[in-house]
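Given next are the chains, with one letter for each unit.
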Amino acid sequence: MLSASSYLIALIATISMTAATGFSSVASESANSYHPSTIGTPGKPWGVEEVNLWRKTRVKQRCYFEDIVPQIEALRQEPSLALDVIQYGTLDNNHSETESESSGDQNKSFPLFAIMTKDWSNSKPNVFITGGVHGYETSGVEGALLFLRSKARQYSEHFNILVIPCVSPWGYERIQRWNAKGVDPNRSFNPEGEIVEGRSFNPEAATEESAALIRFMEYEIGKKGDDEADADADADDGKKELDWLCHVDLHETTDTDETEFRPAKNSRDGKDYESDKGEIPDGFYLVQDETSPMPGWFTAMIESVRKVTHIAPADADGKLIGEEVSQEGVVKIPNKKSLGLCAGVTNAPYRTTTEVYPDSKTGSCTPEQCNQAQVACIEGALDYIIGQQTDRERTNERTTAIE
């Protein structure tokens, strides 16, 4: 695994030199004239030309190098947090020529970062937290960073914790669901998966974002804490995967899912603009893998989040996002690995996708509350697991005493 220290220090030093110049991009009126539903020929899937036009007209609205990288560097520099920062990959920026001229050379590619608790031990279970798989879902990124600043140290007593706060920097900067190639990263973790006609969730093509994360998980993070014997045992193919107990993938559901991103998908795939129109849930909810129900765990997360923001009620048909509700604030979908979702990338029995709703008109959910809701969900998830472990230990103690 590569250390990110030198890279981060050099990068932070250069940011201030380019920040004052601002960012030049495709003019707003140009972007606004290219709503994704207007690109291409109705009823015909996009080709390379349409994808290129879509990418060219996605305006850069914020900066990964100014918003996110300094926060990651601050985590590395704070000794009390006991965190390691690792650069696990690099992602092509896919900037326009205008942006390249004004943004500085450091924007030619995005460094991809993972943050780990230092006191990693083979005696502790492994927890994985991901954010920014959909780059536009801000609280997924900021919530992951907030957890690292405020809570990771205390939970590291019980768990080895790995956090990837921003899987999709290009989507973060453009406030887009897709990556620069017009592919949904959160459907790209199983590109060979079966396409089921009419199903809400289906896998898509592999992406640089998913490939980098999978490569890191299979060949790098698994070596953490290895002794020489373990390393030799896996020397043939270099692959060393860990067993994971828990994976929480942080997301948002926003109004733009219906106003921009669903129409974009329909246009890209050659479908009718209005097909598959859905209803946005008003509040927080979780996505449950039907192969790993864990009702007590989901209840613990929902109750923890309820202290911060409201939970989404089911719609008139008793569903959320068109899917069956298994319990309050929880929708049930097919196996996440088969669908290509990030939350299916590990073998964790405790796995879920969070969905914060920042656009609520009926309840309060400020940006700060959105971030706090993500942290509250992680806390609820980990506290429940700790409680289960404690109960098992007490049961074992009683059994031993009786024997």
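Since the structure is predicted, the reported quantities are computational estimates derived from the model, not experimental observations.

### Focus on the overall build of the protein
The secondary structure content of the protein amounts to 15 helices and 10 strands. Among the 403 residues that make up the protein, the fraction classed as buried is 51%. Here the protein has roughly 17,700 Å² of accessible surface; of this, 49% comes from carbon and sulfur atoms.

### Focus: the side chain of Ser360
Position of Ser360 among the secondary structure elements: in the loop between strand E10 (350-355) and helix H15 (367-402). The class for Ser360 is buried, based on a relative accessible area of 14%. A polar side-chain atom of Ser360 sits 3.1 Å from the main-chain amide nitrogen of Gly363. Excluding residues that lie within four positions of it along the chain, Ser360 makes contacts with Asp282 and His310.

### Examining the side chain of Arg55
Looking at the secondary structure, you find Arg55 in helix H3 (residues 48-56). With no salt bridge to any partner, buried Arg55 finds its closest opposite charge in Asp92, at an N-O distance of 8.1 Å. Other than its neighbours up to four places away in sequence, Arg55 contacts Asn94, Trp170, Ala180 and Lys181.

### What about the packing of helix H5 (residues 69-77) against helix H7 (residues 138-150)?
At their nearest, the axes of H5 and H7 sit 11 Å apart, and the two run at 15° to each other. Relative to H7, the element H5 is oriented roughly parallel. For the pair H5 and H7, the crossing hand works out as left-handed. For the pair H5 and H7, the contacting residues are Gln71, Ile72 and Leu75 in the first and Glu142, Leu145, Leu148 and Arg149 in the second. Classifying every residue of the contact of H5 with H7 gives four nonpolar, one polar and two charged.

### Focus on the packing of aromatic side chains
Scanning the model with the defined rule gives 13 aromatic pairs in all. With a centroid separation of 5.3 Å and an interplanar angle of 75°, the aromatic rings of Trp297 and Phe298 are classed as edge-to-face. With a relative accessible area of 0%, Phe298 lands in the buried category. Ring plane angle 70° and centroid distance 6.5 Å describe the contact between Tyr350 and Tyr384, whose orientation is recorded as edge-to-face. Residue Tyr350 is located in strand E10, and its partner Tyr384 is located in helix H15; the two are separated by 34 residues in the primary sequence.

### Comments concerning the sheet that holds strand E5 (residues 246-250)
In space, the 10 strands of this open sheet follow the order E1-E2-E4-E3-E5-E10-E6-E9-E8-E7, with mixed pairing throughout. In this open sheet, the two strands that pair with only one neighbour each are strand E1 (83-92) and strand E7 (319-320). Against the sheet, helix H13 (residues 295-306) contacts E5, strand E6 (285-289), strand E8 (323-327), strand E9 (330-333) and E10, and its axis sits at roughly 35° relative to E10.

### Quick look at the environment of Val308
Take Val308: it is sitting in the loop between H13 and E7. Here Val308 falls in the partly exposed class, since its relative accessible area comes to 22%. The sequence separation of Val308 and Ser364 amounts to 56 residues, and the corresponding C-alpha distance is 9.1 Å. What Val308 contacts, discounting residues up to four positions off in sequence, is Gln369, Gln372, Ala373 and Ala376.

### Remarks on unusual backbone geometry
Its identity as a non-glycine residue notwithstanding, Met294 has a phi of 45°, on the positive side. Of note, Met294 is situated in the loop between E6 and H13. The phi torsion at Ile321 lies on the positive side, around 45°, for a residue other than glycine. Among the structural elements, Ile321 can be located in the loop between E7 and E8.

### As for the environment of Lys336
Within the secondary structure layout, Lys336 lies in helix H14 (residues 336-339). On the basis of relative accessible area, Lys336 is assigned to the buried category, the value being 0%. Separated by 48 residues in the primary sequence, Lys336 and Gln288 have C-alpha atoms spaced 8.7 Å apart. Setting aside residues no more than four positions away along its own chain, Lys336 makes contact with Val287, Gln288, Asp289, Leu341, Ala343, Gly344, Arg351, Thr352 and Thr353.

### What to know about the confidence of the model for the protein
Of the residues in the protein, 82% have a pLDDT of 70 or more, and the chain-wide mean is 85. Counted against residues more than four places away or in other chains, residues 9-32, with its pLDDT under 50, gives 38 contacts.

### Regarding the layout of surface pockets
Computed from the structure, the largest pocket encloses a volume of approximately 1,200 Å³. What lines the largest pocket is a set of 44 residues, among which Arg187, Ser200, Phe201, Arg262 and Lys265 lie closest to the centre. Where the lining of the largest pocket is concerned, the elements lending two or more residues are helix H12 (256-268), E6 and E10. It is H12 that provides the largest number of residues to the lining of the largest pocket, a total of seven residues. Considered class by class, the residues forming the lining of the largest pocket number 13 nonpolar, 11 polar and 20 charged.

### Remarks on the state of the cysteines
Under the definition given, this model contains zero disulfides. Free of any disulfide, Cys246 has its nearest cysteine sulfur in Cys377, 9.0 Å distant. Judged by its relative accessible area of 0%, Cys246 is buried. Given a relative accessible area of 0%, Cys377 falls into the buried group.

What counts, and at which threshold
Residues numbered from 1 in each chain as written. Predicted model: local features only at pLDDT ≥ 70, side-chain atom pairs only at ≥ 80, totals over all residues. Heavy atoms only, no water. Helix = DSSP H or I, 4+ residues; strand = E, 2+ residues; numbered from the N terminus. Buried < 20%, exposed > 50% of the residue type's maximum accessible area, 1.4 Å probe, protein only. Areas by Shrake-Rupley, 256 points an atom, 1.4 Å probe, with all protein chains shown as cover. Polar contact = N/O pair within 3.5 Å; in protein donor to acceptor, adjacent residues only side chain to side chain. Contact = heavy atoms within 4.5 Å. Lys, Arg positive; Asp, Glu negative; His and termini not counted. Salt bridge = Lys/Arg side-chain N within 4 Å of Asp/Glu carboxyl O. Axes fitted to C-alpha atoms, helices over the stretch in contact; angles between N-to-C directions. Parallel < 35°, antiparallel > 145°, perpendicular 65-115°, else oblique. Left-handed = near helix turned anticlockwise from the far one by under 90°. Nonpolar A, V, L, I, M, F, W, Y, C, P; charged D, E, K, R; others polar. Phe/Tyr/Trp six-rings, centres within 6.5 Å; stacked < 30°, edge-to-face > 60°. Pairing = 2+ DSSP bridges. pLDDT = per-residue confidence, 0-100. 1 Å grid on protein atoms, 1.4 Å probe; cavity = no way out; pocket = protein on both sides within 12 Å on 5 of 7 lines; lining within 4 Å. Points joined across faces, edges and corners; volume = space filled by probe spheres on them. Disulfide = S-S within 2.5 Å.

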